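Structural features, examined
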Amino acid sequence: MFTFNYGSGATVLSVWLVWILVFALLFALNEFTRRSTVGGFVCFIVMPVVLSVLWFTVLSDTTYTDWFHLAKVYSATAGCIGFWCIRNLHGTNKKTGKEWRLANNRIALCFPPLILAINILEAVVRDIEIGLQYSKGGILADGSMYVLGGPWNFMNAAAGILNIITITGWVGICIRKKTKSDSSRDMLWPDMMWFWIIAYDLWNFAYTYNCLPGHAWYCGFALLLAPTVCAFTLGKGAWLQHRAHTLALWCMFAQTVPAFIDKGRFAVSSTYNKGALFIWSFAALAVNIAVVIFMIYRASKTKRNPYKQELYVDMKKFKEVKALADPSTINQA
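In what follows, the accompanying structure is described. Keep in mind that what you see is a predicted model, and the values were worked out from it rather than measured.

1. Let's talk about the environment of leucine 240
Looking at the secondary structure, you find leucine 240 in helix α8 (residues 239–256). Residue class for leucine 240 comes out buried when judged on its relative accessible area of 6%. Each C-alpha atom of the pair leucine 240 and isoleucine 198 lies 13 Å from the other, and the pair is 42 residues apart in sequence.

2. A closer look at the packing of helix α3 (residues 67–88) against helix α4 (residues 111–133)
α4 packs onto α3 with a crossing angle of 170 degrees between their chain directions and a minimal axis gap of 9 Å. It follows from the interaxial angle that α3 and α4 lie roughly antiparallel. Contact residues: Trp67, Phe68, Ala71, Lys72, Ser75, Ala76, Ala78, Gly79, Gly82, Phe83 and Ile86 in α3; Phe111, Pro112, Ile115, Asn119, Glu122, Ala123, Val125, Arg126 and Glu129 in α4. Taken together, the residues of the contact of α3 with α4 break down into 12 nonpolar, four polar and four charged.

3. Digging into unusual backbone geometry
Its identity as a non-glycine residue notwithstanding, arginine 185 has a phi of 55 degrees, on the positive side. By the secondary structure assignment, arginine 185 is in the loop between β6 (174–175) and β7 (187–188). In the Ramachandran plot, lysine 303 falls in the positive-phi region, its phi being about 60 degrees despite a non-glycine side chain. Its location among the elements puts lysine 303 in the loop between α10 (274–302) and α11 (316–322).

The rules behind these values
- Residues numbered from 1 in each chain as written.
- Predicted model: local features only at pLDDT ≥ 70, side-chain atom pairs only at ≥ 80, totals over all residues.
- Heavy atoms only, no water.
- Helix = DSSP H or I, 4+ residues; strand = E, 2+ residues; numbered from the N terminus.
- Buried < 20%, exposed > 50% of the residue type's maximum accessible area, 1.4 Å probe, protein only.
- Axes fitted to C-alpha atoms, helices over the stretch in contact; angles between N-to-C directions.
- Parallel < 35°, antiparallel > 145°, perpendicular 65-115°, else oblique.
- Contact = heavy atoms within 4.5 Å.
- Nonpolar A, V, L, I, M, F, W, Y, C, P; charged D, E, K, R; others polar.

Now the structure itself:
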């Protein structure tokens, strides 16, 4: 194939079946952790503590210990913990008798865009690092896989920076109201529109293809598609929460069982085709440029500050998500 090479011990059908299994498990686990308050606590607070002990003791010879993998697993988990707190922490002020919710605290609402930007920036730094250090050929990096640096790394790093710039309307983050069909209390972000999500997915897939070529089939393709499908179907408006949940769960699995994606029968690697590397990064850059242009156009037309106000308030998808929110968690901006 132009983009991927399947392992010698696997057939196209078997690899696709495993991919579907990975996708389905990520989707199902996200449904569990978003709908169960206790399940989220166990998966993102208790389990990482237990696994960390294993990674640095009995699994220290096999787990990933380079800066990027450790930063990714812990930053994704930190995001899940922060979002869990925003969704669930509330109470009554004993002195005033007034109810309070963390979701109404402007300082707390700085956390989602901040952790998202940090997560993107980690990958931007890695893209630049690969472009600078591994541009002379396929070189074994971090003792795990070959990487091939080139202009695609810098194009995609630029796309990532633009993706950060177009994070808008965080002041409008709110919580889903409970219904008979969904009692999840998802963290909704109405201003995070579908076109930004697509731009992020393209950028992140290009990043995994550039810098994690042996992992892009699962952690690029399946891992990106699971939260996106959920955000467009069962869990509308909560893409960032879905992304954090699935990313943290996958990173914990990959840290614990790295052989599945590195050496297993169903491991899938990049073709290291320079054309494919260039095309994916170029597509990511082009789409993110388009989102920047549209953001500037909307800001100019509506006279709204995208970093202090919600920007896409008159768009249909924005209104659909806003209608799902618990009125008591809606912050005026």
